[in-house]
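This is what each chain is made of:
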Amino acid sequence: MMPMTVTTRVVKNSGFLFLTSLISNLMMFLLTLFTARYLGTYNFGLISTALSVIGIFGVFCDLGLGLYAIQKVSRDYNLTAKYFGTAFVLRLILTIITFVAYVIFSYLSGFTGEAFGVMFVVGLYMFFNSLTTFYYSLYQSNEEMHYQTIVNTVYNVGVFLISLLFIYFRLNVVWIAFAYPIAMFISLLLALLIKFKHYPKFEYDFSKEFIKELIVNGIPFGITNVFTSIYFWIAAIILSFMSGSIAVGLFSSAQKLLLVLSAMFILLSNAVFPVMSQLFVEDKDKLSQLYKKFMKFMLILSVPIAVGTFIYSSDIMLIIFGAEYLEGTICLSILIWASIFMFLSGTSSTLLGAINKQFFVTKVVMVGAFFSVVSNMLLISQYSFVGASITSVLTELVVLILMLYSLRSTEFKLNYKNSIKSVMQVVLANIFMAVVLILLHLPFLVGVVVAVIVYLIALFVTGAINDEDREIIIGLVEQVKNK
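In this text, all values refer to a predicted model and were calculated from it rather than measured experimentally.

What counts as what
Along every chain, residues carry numbers that run from 1 in the direction the sequence is written. Note on the predicted model: pLDDT of at least 70 is required for a residue's local features to be given, and 80 or more for side-chain atom pairs to be given and counted; whole-chain, interface and lining totals, by contrast, use all residues. By convention in this description, side-chain values take in all heavy atoms of the structure and omit both hydrogens and water. Starting at the N terminus, helices and strands are each numbered in turn, a helix being any DSSP run of H or I of at least four residues and a strand any DSSP run of E of at least two. Both definitions apply: the radius of gyration is a C-alpha atom measure, and the globule rule equals 2.2 Å times residues to the power 0.38. Note on exposure labels: buried denotes an accessible area under 20% of the residue type's maximum, exposed denotes more than 50%, and partly exposed covers the range between, all computed with a 1.4 Å probe on protein chains only. Here a residue-residue contact requires only that any non-hydrogen atoms of the pair lie within 4.5 Å. One speaks of a salt bridge when a side-chain nitrogen belonging to Lys or Arg is within 4 Å of a carboxyl oxygen belonging to Asp or Glu. Any two rings among Phe, Tyr and Trp, with Trp reduced to its six-membered ring, count as a pair given centres within 6.5 Å; such a pair is stacked if its planes are under 30 degrees apart, edge-to-face if over 60, and tilted if neither. Any Lys NZ or Arg CZ found within 6 Å of a ring centre and within 35 degrees of that ring's normal is scored as a charge over the ring. Patches here: salt-bridge-free residues with over 30% relative accessible area, like charges joined within 9 Å, nonpolar side chains (Val, Leu, Ile, Met, Phe, Trp, Tyr) joined within 5 Å. Note on areas: Shrake-Rupley, 1.4 Å probe, and residue coverage restricted to the protein chains presented here. Among the buried residues, those of types Ala, Val, Leu, Ile, Met, Phe, Trp, Tyr and Cys that are joined through side-chain atoms within 4.5 Å form a nonpolar core. For this count, His and the chain ends are skipped, Lys and Arg are scored as positive, and Asp and Glu as negative. Orientation is described by lines fitted to C-alpha atoms, with helices fitted over the stretch in contact, and by angles between N-to-C directions that extend from 0 to 180 degrees. Working rule for angles: under 35 degrees goes down as roughly parallel, over 145 as roughly antiparallel, 65 to 115 as roughly perpendicular, anything else as oblique. A crossing counts as left-handed when the near helix is turned anticlockwise from the far one by less than a right angle, and as right-handed when that turn is clockwise. Ten residues, namely Ala, Val, Leu, Ile, Met, Phe, Trp, Tyr, Cys and Pro, are considered nonpolar, four, namely Asp, Glu, Lys and Arg, are considered charged, and the remaining ones, Gly among them, are considered polar. Helix span is expected to be 1.5 Å times the residue number reduced by one. Each residue carries a pLDDT score, the predictor's own confidence in it, on a scale running from 0 to 100.

1. Let's talk about the overall build of the protein chain
- On a plain count of helices and strands, the protein chain comes out with 16 helices and zero strands.
- Taken over the C-alpha trace, the protein chain has a radius of gyration of 22 Å; the compact-globule value for 483 residues is 23 Å, and the two agree within 12%.
- For the protein chain, with 483 residues in total, the buried portion stands at 56%.
- Counting only contacts in the protein chain whose residues sit at least 6 apart along the sequence, the fraction spanning at least 24 positions is 84%.

So this is what it looks like as structure tokens:
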């Protein structure tokens, strides 16, 4: 059984992150609800295209330095000032270079008028976001996620309120885009204040040996992020050039839900990564148990989300985006299945990074990026946004298979015979939930409540949640209550 000391640390880290996730997702829902309807498919597609481009460019602001610093500092907190001080200077230099390269790319790509204005403004958001998320890495390395919760909540509430204000005054799409960098700049100021009040003064080591250590060990994380961003964001960019902004708007509206789920997983991953890194040094058996439990819980969480979203996809699109976006329902029906593979592959990727096998992850996502680019070029030319949706699911599946294959030579590989039983139990519980929803023809909001109740009952009936899982869940609840 996974010891409660490990469980306690994961809860400590993830409890605050779940709080910010709930607030962030609510704000993202409301932001999307208002902006998508106000802007329409074309202008919403412009902002979505810009966000997709910075999704790829943004990773060059860090190149893995933050993740490597987390890995080192989580094992020895005394290294905080030196590693994060030096990494910050490198992050600032990379961010400036990346911003300039992004602006040049936007100009050379033929964006003009409002389209270029949107691209430039979203680039400012990328600049401030790079510096703000650097401090997130600082908080994560010391397992003090509540600071990230505060900063992230300020950003999400801020961008929603500023966007709402601009919509009230009927401003154009460029001004709506301005809500992102303004809110992020405010968050950056808050992150700086927290750093100065609660963390040691940064130290700087620009010796050739130390800079080489940071770059050499950070690059595998950085390359992984680059290729991950390519295979996640490239579809919208290719769509923009091959099918236009309306197609991007339809695809991106459906992809928004996947982004919400991705953000949730990243929060969980950030909470677990420092714990995994330390356990790899201190107790590999506990690490193996943590990984297997995390995989099981990710399966239990992701499958019902996919099933429920598939059943109510048209209702979700109509409620959030309006009738203008109903054509994108098929995108949501397809894309949501990628979330299952994304949660599982992400968990394996987190483990590989924690056990110093980040180069394996780099090779996997490199293959995933290549597969995504080629598949998108082929399928988008024939099926537009539907082809982009299919490619997204296939890419996540390919990445999951390769991640699991990469673990085959480690002591943390899964026992597939034992895993089959758990998978079948979860599948049966979801079949039972789906049958109930389909037979009862319930309205969306009522259906969500019924689905949660039915699924929880089905999990216990099928044995998907066993005695050991119940003890862990009870322990988690107690830890949350104590907080």
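2. A few points about the pattern of salt bridges
- A full pass over the atoms with the stated rule returns two salt bridges.
- Here Lys-82 and Asp-205 are joined by a salt bridge, their closest N and O atoms 3.6 Å apart. Of this pair, Lys-82 sits in helix α3 (residues 80–108) while Asp-205 sits in the loop between α6 (173–198) and α7 (208–242), placing them 123 residues apart in sequence.

3. Some points on the packing of aromatic side chains
- Taken as a whole and assessed by the stated rule, the structure comprises 30 aromatic pairs.
- On the numbers, 5.2 Å between centres and 85° between planes, the contact of Tyr-168 with Phe-169 is edge-to-face.
- Among the aromatic residues, those joined into a cluster by ring pairs are Phe-84, Phe-88, Phe-134, Tyr-135 and Phe-202.
- Across the ring face of Phe-210, the terminal group of Lys-82 is positioned such that the distance to the ring centre comes to 4.5 Å.

4. Focus: unusual backbone geometry
- Even without being glycine, Arg-170 reaches a positive phi, approximately 55°.
- Of note, Arg-170 is situated in the loop between α5 (145–168) and α6.
- One non-glycine residue, Ser-384, lies in positive phi territory at about 50°.
- By the element assignment, Ser-384 lies in helix α13 (residues 358–406).

5. Remarks on the environment of Phe-294
- With respect to the helices, strands and loops of the structure, Phe-294 is situated in helix α9 (residues 284–311).
- Considered as a pair, Phe-294 and Phe-343 are 49 residues apart in the sequence and their alpha carbons are 9.9 Å apart.

6. Looking at a nonpolar patch on the surface
- Together, Leu-92, Ile-96, Val-100, Ile-104, Tyr-107 and Leu-108 give the surface a local cluster of nonpolar side chains, amounting to about 600 Å² of exposed area.
- Considering the arrangement of structural elements, one finds Leu-108 in helix α3.
- For Leu-108, a relative accessible area of 67% translates into the label exposed.

7. Describing the nonpolar core
- Counting 157 residues, the largest nonpolar core has Ile-47, Tyr-102, Tyr-135, Tyr-139 and Phe-251 as the members making the most contacts within it.
- Broken down by element, the residue count for this core peaks at 17 residues, all from helix α8 (residues 245–282).
- Not counting the four nearest positions on each side in its chain, Tyr-135 is found in contact with Phe-88, Leu-188, Ala-191, Leu-192, Lys-195 and Phe-202.

8. Notes on the side chain of Lys-195
- Mapped onto the elements, Lys-195 comes out in helix α6.
- There is no salt bridge for the buried Lys-195, and the closest opposite charge comes from Glu-203, which lies 10 Å off by N-O distance.
- With near-sequence residues (within four places) excluded, Lys-195 lies in contact with Tyr-135, Leu-138, Pro-200, Lys-201 and Phe-202.

9. Quick notes on the packing of helix α4 (residues 113–141) against α6
- Interhelical geometry of α4 versus α6 gives an angle of 20° and a closest axis separation of 8 Å. What the angle tells us is that α4 and α6 run roughly parallel. As α4 packs across α6, the resulting crossing turns out to be left-handed.
- Along the lines of polarity and charge, the residues of the contact of α4 with α6 split into 22 nonpolar, four polar and two charged.

10. Notes on the environment of Glu-411
- Position of Glu-411 among the secondary structure elements: in the loop between α13 and α14 (416–440).
- In this structure the C-alpha to C-alpha distance between Glu-411 and Asp-285, which are 126 residues apart in sequence, comes to 9.0 Å.
- Other than its neighbours up to four places away in sequence, Glu-411 contacts Lys-284 and Ser-288.

11. Considerations on α4
- With 29 residues, α4 should reach 42 Å at 1.5 Å per residue; the first-to-last C-alpha distance of 43 Å fits that figure.
- α4 sits mainly inside the fold: 22 of its 29 residues count as buried.
- Downstream of α4 by one or two residues, Glu-143 has phi in the positive range, about 55°.

12. Topic: α5
- Taking 1.5 Å per residue as the helical rise, α5 with its 24 residues ought to reach 34 Å, and the 34 Å between its terminal C-alpha atoms agrees with that figure.
- Within two residues after α5, Arg-170 carries a phi angle of roughly 55°, on the positive side.

13. Things to note about the confidence of the model for the protein chain
- Overall, the prediction assigns the protein chain a mean pLDDT of 84, with 91% of residues at 70 or greater.
- Averaged pLDDT values for the elements of the protein chain fall to 57 in helix α16 (residues 467–482) and rise to 94 in α6.

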